[in-house]
Amino acid sequence: MLDLNKDIQYVKGIGPKRAEKLNKLNIFTLKDLLYYFPRQFEDRNNLKKIIQLENEEKATIKVVIVGVSTSSPRKGLSITKVDVRDETGYAKLVFFNQQYVKNAFKPGDTILVFGKVKKEFKKIEISSCEVEYLTNSPKNTCKIMPIYPLTYGVSNKDIIGIIKNVLSDESLVIKEYMPKHIIDKYKLCSIDYAIRNLHNPISKESLKIALYRIVFEEFLILQLGLFLFKNGVEESDGIKFEENKKLDDVLTSLPFKLTKAQNRALNEIIEDMQCNKAMNRLVQGDVGSGKTVVALLSLAHCVFNGFQGALMAPTEILAEQHYISLTETLKPFGINIELLVGSLTKKQKESVLEKTKNKEVDILIGTHALIEDKVEFNNLGLVITDEQHRFGVRQRSKLSEKGENPDILVMTATPIPRTLALILYGDLDISIIDELPPGRQPIETIAIDKSKRDRAYNSLVRKEVEKGRQVYIVCPLVEESEAIEAKAAVDLVEELKLEYFSDLKVGLLHGKMKPSEKDLIMKSFKNREIDILVSTTVIEVGVNVPNATLMIIENAERFGLAQLHQLRGRVGRGSHKSYCILIYASKSEVCKQRMSIMEETNDGFKISEKDLEIRGPGEFFGTRQHGLPELKVANIFKHMKILKLAQQEARYIVSEDRKLQNYENQLIKKEIMNKFEHSIKEISLN
Ligand code: ADP
Ligand code: MG
């Protein structure tokens, strides 16, 4: 029996050279190879007559060769044309710079041709041809062709050949790991059938059956893995908070009334807190929807019950902003709040740690610093993570481990479509704040081509500054490194000062600056000592300067739409009308499509849904972002129904066998462990 874990280098017919190429496709073992699924399928099965061919279509025809001719219209270009016919008409096969094909075609022979049709009036030419002689098992025509994702140096035919070779090995046994009752319940085909038919579909129907099995399996494994590792499903006993009248006093002390959506979210939270199960809740709310005050009230509720609370934010600027606004509101109620961030002196830190341990601190606000080992609480009752997408999946559990089953609340302004939230946060209850506080004016967004950049700077920016408003300018995103990005920001400031705004105050904010420097800049911007703030994406989350009314984003095409939406949320925070100008430097259709989505809607949920549709959900499942296994075939949009089934089944399975210890679940558990290897490593590292 072939060992699926065998290094492909030693698989018959592969060898070290090919193995090296396959390694580039992340194929290291025989199993990797078998699970290297086609990204699409080309139906070469529709055998047509010449008369039926339509312009631009790809089709297969069975024809007789009439004659061959070669011409050379200019140096370096040769065109070979092969005249062919069937009983309905004539066509020409066209080959560029492939003189050798000339001798391969003998008039009178019958061949099968698959290619792309060009039809002008009655003249038919077929290019990009695959040709083969009639046989009982055609290789390249008359079948459903798998098309694999490729890398340089490996062709589709290579992969097809290699896989065919492996599949024809009689000692290959692909053992089933899906529990039998699930196979029966969902009428799944065996894994052996699925793999064989994905690589070499016998028919459209068999391909469909194979795809269904793999899609279901991918979703099921993902869900089971999430349940297994995020320890959410276990309904652990938690703290039972009591109702407290003081919370109403805090509510009345606020300068505004909560929106309906805020009220709803708050009620859901309070209800969770007051029951004896530990809360696991996600609050999703668009930028500016007022999540902070919901966090504040939940924390107050926790403190009034005699427990400590913690609030973790991704940046110092944000942590400090929270610190200021929470202190302002809650100090009058005798609540002690401290800030723990990296830039504190050692002495300050020690004092905060000491007070936290002794319960002189009621609410501790901070950055990642909160999850360091030395941070100890006396009785942590509620843990809140703000902008949780900025943290790894594991970090939030790290913070909650500092208490005994504290209630957990995570907040995010990355609006994730429900479908995706369902997967990523399958173990969380979700509250949605889908309403902005009253009086907000929608941000007007305009996308312009780079050639109009001058005008944007000379007229729009000036106009806003003359009105007494302030402006953000966001530099192009540089993925490679924060250092290069910082350099680009410095350059942009120089350019702006020199070319456009020598008379205005221009400030700079980037990720390489010391926290204290950043702080200083943000404070001067808040105090209107700076007119124009040039910034990298560090400005993305949560910063609140209501007098800023214009944001210009350079090379907007480089950003994800959700990120553009987050950035744009820095303006439109006051009573003045706000604008966002997206400068793009790409002429691609996709870019235009994406820019117009930004112009058309201010709804973060819609935006992320569209973005996912255009870019595909792949990026969300990159291991770097979420530590989740890749979905190779399953697509959360296309296969929504199967996703729901798989999720239901996963829930059911873990409700019966939480740790998948039953005999029938052993094999699939092994698959899950393999697929989640990356995340497991992450857990043990943290
Ligand atoms: P986000 O959800 O993006 O974190 P914030 O909590 O920072 O939003 O709130 C944005 C702004 O809206 C803040 O200035 C806050 O004081 C204000 N705000 C929040 N809730 C209300 C409300 N119900 N009515 C009026 N203003 C509100
Ligand atoms: Mg916020």
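Thresholds, definitions, all that
Here, residues in each chain are numbered from 1, in the same order as that chain's written sequence. Note on labels: chains are lettered from A, ligands numbered from 1, in written order. Local features in this predicted model are restricted to residues of pLDDT 70 or higher, and side-chain atom pairs are both shown and tallied only at a pLDDT of 80 or more, whereas totals for entire chains, interfaces and linings draw on every residue. Computation of side-chain values covers all heavy atoms of the structure but excludes hydrogens and water. UniProt positions are given in the numbering used here, feature names are shortened, and annotations may be inferred rather than shown by experiment. Helix and strand assignments follow DSSP, with helices taken as H or I runs no shorter than four residues and strands as E runs no shorter than two, numbered in order from the N terminus. For every residue, the accessible area obtained with a 1.4 Å probe (protein chains only) is divided by the maximum for its type, and the residue is called buried under 20%, exposed over 50%, and partly exposed between those limits. We count Lys and Arg on the positive side and Asp and Glu on the negative side, and we leave His and both chain ends out. A pairing counts as a salt bridge when a side-chain nitrogen of Lys or Arg comes within 4 Å of a carboxyl oxygen of Asp or Glu. Note on definitions: a residue-residue contact is assigned when non-hydrogen atoms from the two residues lie within 4.5 Å. A pair of strands counts as paired when DSSP detects no fewer than two bridges linking them. Throughout, an axis means a line fitted to C-alpha atoms (over the contacting stretch in the case of helices), and angles, computed between N-to-C directions, take values from 0 to 180 degrees. Bear in mind that the domain bounds are from an automatic or database domain assignment. As used in this record, nonpolar core signifies buried Ala, Val, Leu, Ile, Met, Phe, Trp, Tyr and Cys residues forming a set joined through side-chain atoms within 4.5 Å. The residues that make up patches have over 30% relative accessible area and no salt bridge, and they are joined within 9 Å when like-charged or within 5 Å when they are Val, Leu, Ile, Met, Phe, Trp or Tyr. To measure how exposed things are, a 1.4 Å probe is used in the Shrake-Rupley method; for residues, cover is taken only from the protein chains shown. Working definition for charges: the position is that of NZ of Lys, CZ of Arg, CG of Asp or CD of Glu. Orientation is classified from the angle alone, with under 35 degrees giving roughly parallel, over 145 giving roughly antiparallel, 65 to 115 giving roughly perpendicular, and any other angle giving oblique. Gly falls in the polar group here, along with every residue not listed as nonpolar (Ala, Val, Leu, Ile, Met, Phe, Trp, Tyr, Cys, Pro) or charged (Asp, Glu, Lys, Arg). By convention in these notes, a residue is near a molecule or strand provided one of its non-hydrogen atoms lies within 4 Å of it. Whenever a nitrogen or oxygen atom comes within 3.5 Å of another N or O atom, the pair is scored as a polar contact, on the condition that within protein one atom can donate a hydrogen and the other can accept it, and that pairs from neighbouring residues in sequence are kept only if both atoms are in side chains.

In the nomenclature of an unreviewed UniProt entry, the protein is known as ATP-dependent DNA helicase RecG of Romboutsia lituseburensis DSM 797. According to its UniProt record, the protein has this under Sequence similarities (unreviewed entry): "Belongs to the helicase family. RecG subfamily."

A.B. asks: Quick one: what's the story with the side chain of glutamate 316, residue by residue and with numbers?
C.D. replies: By the secondary structure assignment, glutamate 316 is in helix α10 (residues 316–330). Nearest to the buried, unbridged glutamate 316 among oppositely charged side chains is lysine 518, at 7.0 Å. Each residue touching glutamate 316, except ones within four places of it in the same chain, is listed here: Val341, Gly342, Ser343, Thr367 and Pro515.

A.B. asks: Lay out the sheet that holds strand β18 (residues 506–509) in plain terms, naming residues and giving numbers.
C.D. replies: Within a sheet, adjacent strands bond to each other through the backbone by hydrogen bonds, running parallel or antiparallel. An order of β16-β21-β20-β17-β19-β18 is seen for the six strands of this open sheet, with the pairing classed as parallel. Strands at the two margins of the open sheet, each flanked by one partner only, are β16 (444–449) and β18. If you compare each strand with its neighbour and ignore which way they point, the axes differ by 20 degrees on average. Pairing of β16 with strand β21 (residues 579–584) involves six bridges; the strand directions are parallel.

A.B. asks: Go over the domain arrangement of the protein with me, naming the residues and quoting the values.
C.D. replies: When the domains of the protein are assigned, the result is domain 1 (1–42 + 152–173), domain 2 (46–142), domain 3 (246–275 + 290–412) and domain 4 (444–601). Here domain 2 and domain 3 have C-alpha centroids that lie 71 Å from each other.

A.B. asks: Quick rundown of the nonpolar core? Include the residues and the values.
C.D. replies: Within the largest apolar cluster, 66 residues are counted, with the highest numbers of intra-cluster contacts made by Leu33, Leu34, Leu172, Phe216, Phe219 and Leu220. A total of 14 residues in this core trace back to one element, the largest contributor, which is helix α6 (residues 204–229). The residues contacting leucine 34, other than those within four sequence positions of it, are Leu4, Val166, Leu167, Leu172, Ile174, Ile195 and His199. In this structure, Ile269, Met279, Val383 and Leu409 belong to the second largest nonpolar core, which totals 57 residues.

A.B. asks: Quick rundown of the environment of glutamate 360? Include the residues and the values.
C.D. replies: Structurally, glutamate 360 can be placed in the loop between α11 (346–357) and β12 (363–366). Considering only alpha carbons, one finds glutamate 360 and tyrosine 148, 212 residues apart in sequence, at a separation of 61 Å.

A.B. asks: Outline the environment of alanine 634, supporting the account with residue identities and numerical values.
C.D. replies: Here alanine 634 shows up in the loop between α20 (623–626) and α21 (640–656). Considering only alpha carbons, one finds alanine 634 and leucine 299, 335 residues apart in sequence, at a separation of 40 Å. Once residues lying within four places of it in the same chain are set aside, the contact partners of alanine 634 are Val215, Glu218, Phe219 and His639.

A.B. asks: Break down the sheet that holds strand β11 (residues 337–340) for me, with residues and values.
C.D. replies: Overall, parallel pairing links the seven strands, which are arranged β11-β12-β10-β13-β14-β9-β15 in an open sheet. With partners counted over all chains shown, the strands left at the sheet margins are β11 and β15 (429–433), one partner each. The sheet shows a mean angle of 20 degrees between the axes of neighbouring strands, direction not considered. Strand direction decides the pairing type here: β11 and β12, joined by four bridges, are parallel.

A.B. asks: Tell me what's going on with a positive patch on the surface, and back it up with residues and numbers.
C.D. replies: A surface patch of positive charge is lined by Lys17, Arg18, Lys21 and Lys24. Assignment of secondary structure puts lysine 17 in helix α1 (residues 15–24). Among the residues examined, lysine 17 registers a relative accessible area of 73% and is labelled exposed.

A.B. asks: Can you break down the pattern of salt bridges residue by residue, with the values?
C.D. replies: Enumeration over the complete set of coordinates arrives at 29 salt bridges. A salt bridge links aspartate 184 to lysine 180; its shortest N-O distance comes to 2.8 Å. Here aspartate 184 and its partner lysine 180 are both found in helix α4 (residues 180–185), four residues apart, which amounts to about one turn of the helix. Between lysine 577 and glutamate 444 there is a salt bridge, with the nearest N and O atoms lying 3.3 Å from each other. On the criterion of sequence distance, the pair formed by lysine 577 in the loop between α17 (561–568) and β21 and glutamate 444 in strand β16 is long-range, its members being 133 residues apart. Three or more residues are tied together by salt bridges with common partners; here these are Glu42, Arg44 and Lys58.

A.B. asks: Quick rundown of the packing of α6 against helix α22 (residues 666–675)? Include the residues and the values.
C.D. replies: Closest axis-to-axis distance for the α6/α22 pair is 9 Å, and the angle between their directions is 80 degrees. Accordingly, the angle class assigned to the pair α6 and α22 is roughly perpendicular. Of α22, the residues touching α6 (which contributes Glu218, Leu220, Ile221, Leu224, Gly225, Leu228 and Phe229) are Ile668, Glu671, Ile672, Met673 and Lys675. The residue makeup of the contact of α6 with α22, split by class, is eight nonpolar, one polar and three charged.

A.B. asks: Got a sec to walk through the site of ligand 1? Specific residues and values, please.
C.D. replies: In the vicinity of ligand 1 lie 16 residues, with Lys257, Gly288, Lys291, Thr292 and Arg440 positioned nearest. The side chain of glutamine 262 places a nitrogen or oxygen atom 2.9 Å from a nitrogen atom of ligand 1. Between an oxygen atom of ligand 1 and a side-chain N or O atom of threonine 292, the distance comes to 2.6 Å. Protein contact buries 81% of the 570 Å² of open area that ligand 1 shows by itself. Residue classes in the shell around ligand 1 are distributed as four nonpolar, seven polar and five charged.

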